[in-house]
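# Commentary on secondary and tertiary structure
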Amino acid sequence: MTKLSKMSFSKAAAPKAGVAVILTGEGLSLGPLAEEVVAGLEGGLKRSAGIAGFSGKKKTSMDLVAPAGLGLDRLIVFGLGKLEDMTSDDWRALGGAVLAELQKAKADTATVLLDAPETTIAAATAAEFAMGAKLRAYAFDAYKTKKKDEEKTKDLKLTLSVADPKAAKKAWGSAEAIADGVLLARDLVNEPPNVLGPVEFAGKAKELESLGVEVEILGEKEMKKLKMAALLGVAQGSTRPPQLAVMRWNGGKKGTAPVALVGKGVVFDTGGISIKPAAGMEDMKGDMGGAAAVVGAMHAIAGRKAKANVIGVIGLVENMPDGNAQRPGDIVTAMSGTTIEILNTDAEGRLVLADALWYTQQKYKPAIMIDLATLTGAVLVALGNLNAGLFSNNDELADKLLASSKASGEPLWRLPLSKDYDKIIDTPNADVKNTGGRWAGSITAAQFLQRFANDVPWAHLDIAGTAFGAPKDDICQSWASGYGVRLLNQLVADHYEG
Ligand code: BES
Ligand code: MN
Ligand code: ZN
C-alpha cells in the first residue's frame, strides 16, 4: 500500500533521476519535454513500444525498468489516445491509473510530466489529474494492525511538472479541498458501526468548525421539544441517543437564501422489529452514506471558501429491535403535524428525513433543498450501482443537478414522481403510511419525502446503490465511494456562488 504523502507542482523540466512518468498521444506523439526525456533512450522509444505492443492508446501504459542510456530508475509511458477527446473524467482517471502504476512499482518519489504535443495542459486539468491520484491512493486500513509486507504503507512523494506551477497550485488548493471531502465521506461510511454511533458521528460534523463552519448539535431533548416524533420513533429501539447536526457555511452574501443539504444518517440499520435477514446485514453500517456525503460536501465547500451560503442538516439514529422499539402498526405524528402509520420499521430512512426536511425548510427558508439517502433497495434493482436515482418537484433544479452530475463525473438518472404514485402511500388509518409495497419502491419513498419538502424546490438523491459496494475503478478502490460530495460541490460552484 502506498500513501500519497506529498503532492507538489514544479516548473516543467525533464527529470534526470528516479521514476518519471510521461504522456503520449496515439501514435507516440510526445510533448517537447517528453521528447527531451526519451532523447537519450538507447534504441529509441519506438523500439521499446514496438516490442511491448504499445501505441499510446487511451488506458494503456508501458513501464521501462532501468531504461538504457537514461539516468532514470523507470520510465513509465501513459497513452492518452486522442488528446482532444480527453475529458475531465479522463484526466482524473488517468491520475488514478498513474498512481496505481507507481504503487505497483513501489516508487517512493516520482515526477509526472504533464506535457503534450502542441498543447499546454491547463492548471485545472493538472488539478483533476492530482485529484484522481489522491482519490486512488485512499485505503481504509486503520484497523489492520498486522500487515503483510505488501500491505505496509510506503510514502510516495509525487511531483507534477507543469507549465505554470503557480496556477496549478491555486487550482489544486480548491481541488484538494474537494478530494479531502470525498475521503472524509469514505472514512465515515467505512468506519464500523460500533465505533461510529450517532454521538460520534455528530462529533465528526463538529470538527468542521476548524474550517469556519458553524455547527449546532440537537440532542434528544431538543428534538422532543420540536416534536420530531418520526425521527425519534426510529431511534427509540437503540440505547444510543439520536442527534441532529446542523452545519452552516456563510460564505455568500448576507441574507441570500441558502442551499440546504439534508442527509440520512442511520448509523446502523437492522430493520428494527421488521428485522432484515442476516446475510449482508453488515453493509447497513453504510446506511449513513447520505449524511456522510453532506459532511463531505460541507468540508469541500468550506475548505475552498466557496462564496455561497450552504446549510447541512443530518439526522443521526440507529435502527435497532428492542423492547422499546417502534412496532409495525404504530402511528407517529411528525414535526409537520402529519400522522404516519408505520407498516414496516425497516422503511426508517424516510421517517428520519421527514423531520429533518421539515425542520430545514421551516427554520432556514432555503432557496433549494437536496436530500441524499441510502433509501431503498429498489433503486439498486432499477439502476444498479452505476447511477443514483434523482427525484425532484422542480424541473429546473433537476436539470441543474443532471448538468453538475455530468461535469463532476458522478452519474445520476432521473425517475418520475406523480399524483398517482403519491396515492399509493395513502392509508385509511393516518395521513400517510411509510411504505407503498414492493412495486416502484424508490418512487413511493420519494413521494413520501416530497410531502415534507413543503413546496420548496427540492430534489432527492437515492444513493443506496452508489454510496458503497460499487465496482472499483481508477479513482476508487474502497468499498465506500464518497458519492455525492463532488456532485454537490459542483452544483454549488456552478449555480450558487458569487
Ligand atoms: N437502508 C435501507 C435501503 C438499502 C438497501 C440501502 C440496500 C442500501 C442497500 C432502507 O432503510 C430499507 O431498508 N429500505 C427498505 C424499504 C422497504 C421496507 C419498504 C427496502 O429497500 O427494502
Ligand atoms: Mn431500513
Ligand atoms: Zn435504512
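This text follows the structure it describes.
These remarks concern the structure in this document. All residue numbers refer to position in the chain's written sequence, counted from 1. Written order determines the labels here, with chains lettered from A and ligands numbered from 1. Only residues with pLDDT of at least 70 get local features here, since the model is predicted, and only at 80 or more are side-chain atom pairs given and counted; chain-wide, interface and lining totals rely on the full set of residues. The basis for every side-chain value is the complete set of heavy atoms in the structure, and neither hydrogens nor water enter the calculation.

### Overview of the site of ligand 1
- In the neighbourhood of ligand 1, 17 residues make up the surrounding shell, with Lys276, Asp287, Asp346, Glu348 and Gly377 lying closest.
- Lys264 places a side-chain nitrogen or oxygen 3.2 Å from an oxygen atom of ligand 1.
- Whenever a nitrogen or oxygen atom comes within 3.5 Å of another N or O atom, the pair is scored as a polar contact, on the condition that within protein one atom can donate a hydrogen and the other can accept it, and that pairs from neighbouring residues in sequence are kept only if both atoms are in side chains. Residue Lys276 places a side-chain N or O atom 2.8 Å away from an oxygen atom belonging to ligand 1.
- The fraction of the free accessible surface of ligand 1 (510 Å²) that becomes covered by protein chains is 79%.
- We call Asp, Glu, Lys and Arg charged. Ala, Val, Leu, Ile, Met, Phe, Trp, Tyr, Cys and Pro are nonpolar, and the rest, Gly among them, are polar. Per-class residue counts for the shell around ligand 1 are five nonpolar, five polar and seven charged. Proximity criterion: a residue is near a molecule or strand once any of its heavy atoms comes within 4 Å of it. Working definition of accessibility: Shrake-Rupley area with a 1.4 Å probe, residue cover restricted to the visible protein chains.

### Structural notes on the coordination of the manganese ion (ligand 2)
- Atoms are scored as donors when they are N, O or S and lie within 2.8 Å of the metal, with 3.2 Å used for Na, K and Ca; no water is included, so coordination may look incomplete. Distances from the manganese ion (ligand 2) to its protein donors, Asp269 (OD), Asp346 (O), Asp346 (OD) and Glu348 (OE), fall within 2.0 to 2.2 Å.
- Between the manganese ion (ligand 2) and the zinc ion (ligand 3), the interatomic distance is 3.1 Å, and Asp269 donates to each metal, bridging them.
- Burial classification: accessible surface area is computed with a 1.4 Å probe over protein chains only, and a residue below 20% of its type maximum counts as buried, one above 50% as exposed, and the rest as partly exposed. For Asp346, a relative accessible area of 22% translates into the label partly exposed.

### Let's talk about the packing of helix α4 (residues 123-137) against helix α5 (residues 165-190)
- Between the N-to-C directions of two axes lies an angle of 0 to 180 degrees, each axis being a line fitted to C-alpha atoms and, for a helix, fitted only over the stretch in contact. Comment: elements are numbered from the N terminus, with helices defined as DSSP H or I runs of at least four residues and strands as E runs of at least two. Close contact between α4 and α5 brings their axes to 8 Å; oriented N to C, the two are set at 30 degrees. Classified by the angle their axes make, α4 and α5 are roughly parallel. Handedness of the α4/α5 crossing: right-handed. Each of Ala123, Ala124, Ala126, Ala127, Ala130, Met131, Lys134 and Leu135 in α4 lies in contact with α5, whose residues at this interface are Ala167, Ala168, Ala171, Trp172, Ala175, Glu176, Ile178, Ala179, Asp180, Val182, Leu183 and Arg186. If an angle is under 35 degrees, it is roughly parallel; if it is over 145, roughly antiparallel; if it lies from 65 to 115, roughly perpendicular; otherwise it is oblique. Crossing handedness follows the turn of the near helix against the far one: under a right angle anticlockwise gives a left-handed crossing, and clockwise gives a right-handed one. What makes two residues a contact is simply this: any of their non-hydrogen atoms within 4.5 Å.

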